[in-house]
Amino acid sequence: FFENAQYIPVDAIFQVTKDFLADPDPRKVNLGPGTYRDEKGQPWILPSVRMATTLVSDCGHEYLPIAGSKVFREEGVQLVFNGTKPFSEGRIASCQGLSGTGALYLAGQVLRKVDPSPKAVYITDPTWPNHDLLFSSMGFDVKYLPYYKDKSFDFEGYMSVLVTAPPGSIIILHSCAHNPTGCDPSKEQWKKIASVIQERHLFPIFDSAYLGFNSGSVNDDTWAIKYFVDELGLEASICLSFAKSMGLYGERIGLVTFVTKSLSQVDTMNSILENAQRATVSTPPKYGAEIAAAVLSTPDISEQWSKDLITMSTRIKSMREKFYEELVRLDTPGDWSHMIKQTGMFGFTGISPAQITHLQAKYHIYMANTSRISIAGLNDGNFEYVAAAIDDAVRN
Ligand code: LMR
């Protein structure tokens, strides 16, 4: 059976952590995955999540409904859409997903079921590598929109390809904190992107894994989503992950939503979501859903969560600044101001593959092969070490 099986190279981001863990050197630094770390470089259990776990410690082991926890779905929808017309008119279908990846997968499955004709999915170049794998595995024709040029968002390049997308194509948008570049469109640019999507009858899917990491506020970081579905009244899918924003990485807690044109379409879209869920994971996991539901629905815990988002986003921002200032202090060749212009969890350094290899071999500093670093992996104990290592890599 397996004679013709071909080895598939391992996932590059997870390999970084594997290599890091296998390295015995005490100076090692992991700037690979998009996982928040505290000022001591340790995983952080959010105080709000600690509070929530005491409420759900005895949640039992029964199945959730196929669409997931009702409270979690309602609270997740309210979190993103509160104050919009789709929310007040009840025009939002939703289903719990296996974190952001599972939510995107369900969105793709549902769009296939709604219209099985061949369709292109446009993703940004560069993007989170799983976008290509996910959508090409579902049989979509994956195409790329230029995204990054001269250390910033390549708006002209992006628009030049977007305007050629055939009607019905799916466009994957990063709601905020673009992964990996940390460069988001300005509000004016978002408006122009939205007009093309509207005019060409394209379908937007917002990948929303880093809400709260730009500004510290989910409300501010959902501006683009609200512009599309409220101001313009567009249909869209919004896929949420609570891995980063609640630090619930291993619980696989996410939400897929579809904003419809009319209330009468919501039951149909919910039925297709349930059908797609049943065919793939059957029912979603309970523990993470109960925690997230408790965080979102309990006023004092939700207030604490808002503070936790500010703690995380502020620490990342301050590490960006310290890291940049250290590179300036070292007079490291080149302009590094993009490190403080970028937002969210990542810094797209722009160093070469040879320099990345040098950092790993000589300094035991691990990062994605795209030159992306997770700024959350920096702290007061290592940013000078990392800056000095980059300085050395750039000079040699
Ligand atoms: C990342 O981009 O590092 C994270 O989203 C982790 C992952 O699943 O790739």
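Conventions used here
- Residues numbered from 1 in each chain as written.
- Predicted model: local features only at pLDDT ≥ 70, side-chain atom pairs only at ≥ 80, totals over all residues.
- Heavy atoms only, no water.
- Buried < 20%, exposed > 50% of the residue type's maximum accessible area, 1.4 Å probe, protein only.
- Helix = DSSP H or I, 4+ residues; strand = E, 2+ residues; numbered from the N terminus.
- Pairing = 2+ DSSP bridges.
- Lys, Arg positive; Asp, Glu negative; His and termini not counted.
- Salt bridge = Lys/Arg side-chain N within 4 Å of Asp/Glu carboxyl O.
- Contact = heavy atoms within 4.5 Å.
- Axes fitted to C-alpha atoms, helices over the stretch in contact; angles between N-to-C directions.
- Domains from an automatic or database assignment.
- Buried area = accessible area lost by both parts, 1.4 Å probe.
- Polar contact = N/O pair within 3.5 Å; in protein donor to acceptor, adjacent residues only side chain to side chain.
- Expected span 1.5 Å × (residues − 1).
- Arc of directions from axis to C-beta.
- Core = buried A, V, L, I, M, F, W, Y, C linked by side-chain atoms within 4.5 Å.

(A) The arrangement of the pairing of strand β3 (residues 120-125) in detail. The element β3 is largely enclosed, with a buried count of five among its six residues. Pairing analysis gives six bridges linking β3 to strand β4 (residues 141-146), with the strands arranged parallel. When the bridges of β4 are listed, Val121 appears paired with Val142. With two bridges joining them, β3 and strand β7 (residues 170-174) adopt parallel strand pairing. If you follow Val121 over to β7, its bridge partner there is Ile170.

(B) Looking closely at the side chain of Lys286. Tracing the chain through its elements places Lys286 in the loop between α11 (266-280) and α12 (287-297). The buried charged residue Lys286 lacks any salt bridge partner; its closest oppositely charged side chain belongs to Glu290, at an N-O distance of 4.4 Å. What Lys286 contacts, discounting residues up to four positions off in sequence, is Cys59, Gly60, His61, Glu62 and Leu64.

(C) Just the sheet that holds β3, in detail. Spatially, β2-β10-β9-β8-β7-β3-β4 is the arrangement adopted by the seven strands of the open sheet, whose pairing is mixed. Each of the sheet's edge strands pairs with one partner strand only, and the pair in question is β2 (92-98) and β4. Strand-to-strand twist in this sheet, taken as the mean axis angle between neighbours without regard to direction, amounts to 25 degrees. Pairing of strand β8 (residues 203-208) with strand β9 (residues 236-241), which is carried by four bridges, proceeds in the parallel orientation. For Phe206, the partnering residue across the bridge sits in β9 and is Ile238.

(D) Here's a closer look at the domain arrangement of the chain. Split by domain assignment, the chain resolves into domain 1 (12-44 + 302-395) and domain 2 (49-299). The C-alpha centroid of domain 2 is placed 27 Å from the C-alpha centroid of domain 1. Each partner contributes to the interface: domain 1 provides 23 residues, whereas domain 2 provides 31 residues. With both sides pooled, the region where domain 1 packs onto domain 2 buries about 2,200 Å², and carbon together with sulfur makes up 62% of that total. On the surface where domain 1 and domain 2 come into contact, there are zero salt bridges. Scanning the region where domain 1 abuts domain 2 turns up 13 residue pairs in polar contact (both at pLDDT 80 or more).

(E) Summary view of helix α3 (residues 70-81). Its 12 residues place the ends of α3 16 Å apart at the C-alpha level, agreeing with the 16 Å of an ideal helix rising 1.5 Å per residue. Inspection of α3 places Phe72, Arg73, Gly76, Val77, Val80 and Phe81 among the buried residues, and these make up the whole buried set. Buried residues along α3 cover an arc of 135 degrees about the axis, so they all sit on one side. Phi turns positive, to about 90 degrees, at Gly83, one or two residues after α3.

(F) Representation of the nonpolar core within the structure. Ranked by size, the top nonpolar core spans 92 residues in total, and within it Tyr158, Leu162, Ile171, Ile193, Phe228 and Ile238 carry the most contacts. For this core, the element with the highest residue contribution is helix α13 (residues 299-329), accounting for nine residues. Here this core spans two domains, and each of domain 1 (12-44 + 302-395) and domain 2 (49-299) adds at least three residues to it. With sequence-adjacent residues up to four places away left out, Ile171 is seen in contact with Tyr122, Leu145, Tyr158, Leu162, Ala165, Ile197, Leu202, Phe203, Pro204 and Ile205. Core analysis: the second largest hydrophobic core is formed by 28 residues, Ala93, Leu134, Ile205 and Cys239 among them.

(G) Broad picture of unusual backbone geometry. Across the junction of Asp125 and Pro126, the peptide omega takes the value 10 degrees, indicating a cis bond. Positive phi, normally seen in glycine, also occurs at Asp331, with a value near 60 degrees. Positive phi, close to 85 degrees, is recorded for Ser371, a residue that is not glycine. By secondary structure assignment, the location of Ser371 is in the loop between β12 (365-366) and β13 (372-374). Ser371 sits in the buried class, given a relative accessible area of 2%.

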